[in-house]
Amino acid sequence: MKEPKLSLHYDIDGTDFLAAGSASSDTKRILKQSGIDARVIRNVAIAMYEGEINTVIHAGGGTADVNIYDDCIEIILTDHGPGIENVEQAMQEGFSTAPENVRALGFGAGMGLPNMKKYTDEMTVESEIGTGTVVTMKVNL
Amino acid sequence: MKISKIAELLSAEVYTGRELLETSVYSACGADMMSDVLAFVKDQSVLLTGLVNPQVVRTAEMMDMRCIVFVRGKKPDQTIIDLAKQANMVILATGLRMYCACGLLYSNGLVGTEVKKQ
Ligand SMILES: Nc1ncnc2c1ncn2[C@@H]1O[C@H](COP(=O)(O)OP(=O)(O)OP(=O)(O)O)[C@@H](O)[C@H]1O
Ligand SMILES: [Mg+2]
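Here the residue index of a chain counts from 1 through its sequence in written order. By the order in which they are written, chains take letters starting at A while ligands take numbers starting at 1. Owing to the predicted nature of the model, reporting of local features is limited to residues with pLDDT of at least 70; listing and counting of side-chain atom pairs is limited to 80 or more, with chain, interface and lining totals taken over all residues. Excluded from the side-chain calculation are hydrogens and water; included are all heavy atoms of the structure.

(A) Geometry of the overall build of chain B. Each helix is a run of DSSP H or I of at least 4 residues and each strand a run of E of at least 2, with the numbering of both proceeding from the N terminus. Counting its secondary structure elements, chain B contains 5 helices and 5 strands. Counted from the first residue to the last, chain B has its helices and strands arranged as α-β-β-α-β-α-β-α-β-α. The C-alpha radius of gyration of chain B comes to 13 Å, within 12% of the 13 Å expected for a compact globule of 118 residues. When the backbone C-alpha atoms are referred to their principal axes, chain B occupies close to 40 × 30 × 25 Å. This radius of gyration counts C-alpha atoms alone. The globule rule is 2.2 Å times how many residues there are, raised to the power 0.38.

Have a look at this one:
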């Protein structure tokens, strides 16, 4: 694959749920400056934000990498959390292991992963119990 | 409908975004679960919610929304106001409950996206 035109890297703090979303917000701001179609930017922002929130609430934080190529935007979320036991099940709408305190904050409907799939053109979830999870998403330009 | 009209109809207090009050918006949604907003909302530019935390602003920001209305007398804190300011968004707060707040806006012409305007 060709070199990306631009690469962004973020550390996602897993200790402060209320502060989560700053990586997605920053990415959105930078994409807006690059003249990319607003609808594409929104899809990237929603998918990345869902992933960023997952990294915080399910995995204790991690990293986000965004690579902007001529023909697509790639988002990679990496964590060293507990991993996902059954990825196929986790991808189902409504499946969630989020605890009550997360629900009280407005999340935990089990819509994140299916939503990330819906808003992107390609998505892979690699996860191993005890090792962590890597979610890779691509949105075509 | 202009955001200033929304504030007037709901007797809402403006917490930030005074300079954006003359912006026109065309549809709205009401939800307390941000998961649902992210999954089901389409082009609505106003979010009415009883949930008050910074993730409400983040969610609205990702969805390109212009205005958040906190219902049931909930007041946003400084963190929320600062985030909204950065995101160029209006924050309103009303004492009305969700049902009445939505109903007032709807009956005055601000419909959801599932209903075509007559
Ligand atoms: N990075 C992750 N590490 C470990 N488990 C995860 C991770 N991401 C998702 N999961 C698991 O997959 C489930 C489904 O995730 P999904 O994002 O669809 O829903 P949710 O986060 O529970 O709720 P919502 O996204 O609607 O707020 C989670 O409840 C969790 O069990
Ligand atoms: Mg999620």
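(B) Quick peek at helix α5 (residues 98–107) of chain B. Residue and element names in this part refer to chain B. Buried residues are those whose accessible area, probed at 1.4 Å on protein chains only, stays under 20% of the maximum for their type, while exposed residues exceed 50% and partly exposed ones sit between those limits. Those residues of α5 not exposed but buried are Met 98, Ala 101 and Leu 105. The arc that holds the buried residues of α5, viewed along the axis, is 75 degrees, so those residues lie on one side. Opposite the buried face of α5, by more than 90 degrees, sit the exposed residues Tyr 99 and Ser 107. Among the residues trailing α5, Gly 109 stands out with phi positive, at a value near 110 degrees. What the arc describes is the spread of directions from the helix axis to the C-beta atoms.

(C) A look at the site of ligand 1. Of all residues adjacent to ligand 1, which total 22 residues, the nearest are His 58, Ser 96, Thr 97 and Gly 108 of chain A together with Ser 35 of chain B. More than one chain lines the surroundings of ligand 1; the residues nearby belong to chains A and B. Within 3.5 Å is the distance limit for a polar contact, defined as a pair of N or O atoms, with the added protein rule that one can donate a hydrogen and the other accept it, and that residues adjacent in sequence qualify only through two side-chain atoms. Within the side chain of Asn 54 of chain A, a nitrogen or oxygen atom sits 2.9 Å from an oxygen atom of ligand 1. One nitrogen or oxygen atom from the main chain of Leu 113 of chain A is found 2.9 Å from an oxygen atom belonging to ligand 1. Put simply, the parts of the chain that give the shell around ligand 1 at least two residues each are α2 (38–59) and α5 (112–119) of chain A. For the shell around ligand 1, the element with the most residues is α2 of chain A, which contributes 4 residues. Any residue with at least one heavy atom within 4 Å of a molecule or strand is counted as near it.

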